[in-house]
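Descriptive analysis of the structure
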Amino acid sequence: MIALPEIRSAATVIAPHVVRTPLLPFGAGWIKPENLQPIGAFKLRGALNALARLENRSSGVVAYSSGNHAQAVAFAARLHGVPAAIVMPDNTPPVKIEATKALGAEVFIVGITERVERAEALVAERGAALIPPFDHPDVIAGQGTIGLEVLDDLPDVDTVVVPMSGGGLISGVATAVKSLRPDVRVLGAEPELAADIAESLRAGSLVRWDPLRRARTVADALRDGPSALTWAHISRYVDDVVTVSEDEILAAVGGLARRARLVAEPSGAVAVAALEKVGGKGVAVLSGGNVDPALLARLLAT
C-alpha cells in the first residue's frame, strides 16, 4: 500500500516532464484532461516516476501494455537515454503501436494472453528492469499525482470519477484524495463488458474475469484486471463503481469532441460517461486521447 508522502515525492520527480493539466468545465462538472500529456495519456506520470527511481537501468527497461503505458515507458526511456522493449497484444490499435515505435522503442506483438510471459522472458534475456503498467508502488504513486492536482485546483470538489482496469490510476488517485479529504467520494468507472472490479466490490473479494471476456469492450485500454496490490487500494478507498455501456462510451467520445473540443479515446471517455450518468458537479478524469482516427471520424460523422 502506498501513502501520501510517496505521491508527494512522485509529484516532485515528474513535475519537469508532465503537463499540469487544468480542470475544464463540462456540463455541470469538470474534466481533468490527461489526453493533453505529451504521450496523450496519464500513464506518463507513473512511468516517469518508476523509471526515475530504478537503481540500475543500464540494461534498459521492459514493459507490457495495450498502448498508453507502452508510449509512456518509451518516452521515459528516451528521456533517460536507455533502450525500451515493449510487448503489446495483437488487438492493440495500430495508432498506439506506431506511436510507441516512433518514440524509439522495440515493439513485440503477441497474443493477448501472452504479454506478461513474453515481457518476463525479455527481462531474463537482457537483464533489463520491468516496469509493469499498474502493479507497482512507484507507478501507482505517479498516477496519484492527479489526485493532488484535483484537490489543489478544486478544494470543494465532492466527487472524483476515475476509469478502472488494472487499477493503478484509481489506486493512486483514491489514496491521494482520501488521505487529504476523506469526505470526497471516489467513484470508479468501468465498461459494462469489462466490469470485473464492480463485481469484485459487490462480492467483497477479488473476482477474476477471463481476458477474452474483458476484450469485448471498445475501451481497449481498460481490458486488464486488477492485481492484488491495486485491489487492496481499491477495496479500501473506492466508494462505488459506475458501469457504462458501449453506446454511452462512444457517445461520450463524440460529445467531448463536439462540446469540449477534446479528443478522447473510448477508454479515456469512460469516466466522463459515468459522471454524466450519475450527474453532479464532480471531476471526471479523461485518461487518454490516443483514439483510432477512423473511429473518431465515424463517430463525428453520425
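Look above for the structure.
In this report, we go over the structure that sits alongside the text. (Residues numbered from 1 in each chain as written. Predicted model: local features only at pLDDT ≥ 70, side-chain atom pairs only at ≥ 80, totals over all residues. Heavy atoms only, no water.)

1. A word on the pairing of strand S4 (residues 84-89)
Two faces, one strand: in a regular strand the side chains alternate between the faces of the sheet. Across the 6 residues of S4, 6 count as buried, placing the element largely inside the fold. Taking every second residue as pointing to the same face, both faces of S4 are buried, with Ala84, Ile86 and Met88 on one and Ala85, Val87 and Pro89 on the other. Pairing of strand S3 (residues 61-64) with S4 involves 4 bridges; the strand directions are parallel. In the sheet register, valine 62 faces S4, and the bridge partner there is alanine 85. For the crossover from S3 across helix H3 (residues 68-80) to S4, the handedness is right-handed. Taken together, the 5 bridges between S4 and strand S5 (residues 106-110) define a ladder with parallel strand orientation. Bridge pairing links proline 89 to valine 110 in S5. For the crossover from S4 across helix H4 (residues 94-102) to S5, the handedness is right-handed. (Buried < 20%, exposed > 50% of the residue type's maximum accessible area, 1.4 Å probe, protein only. Helix = DSSP H or I, 4+ residues; strand = E, 2+ residues; numbered from the N terminus. Pairing = 2+ DSSP bridges. Right-handed = clockwise from strand over helix to strand, strands pointing away.)

2. Considering the environment of threonine 230
Its place among the elements puts threonine 230 in helix H10 (residues 228-237). In sequence terms threonine 230 and glycine 168 are 62 residues apart; their C-alpha atoms lie 6.1 Å from each other. Not counting the four nearest positions on each side in its chain, threonine 230 is found in contact with Phe134, Ile140, Gly166, Gly167, Gly168 and Ser171. A polar contact is formed between the side chain of threonine 230 and the backbone oxygen of glycine 166, at a distance of 2.8 Å. (Contact = heavy atoms within 4.5 Å. Polar contact = N/O pair within 3.5 Å; in protein donor to acceptor, adjacent residues only side chain to side chain.)

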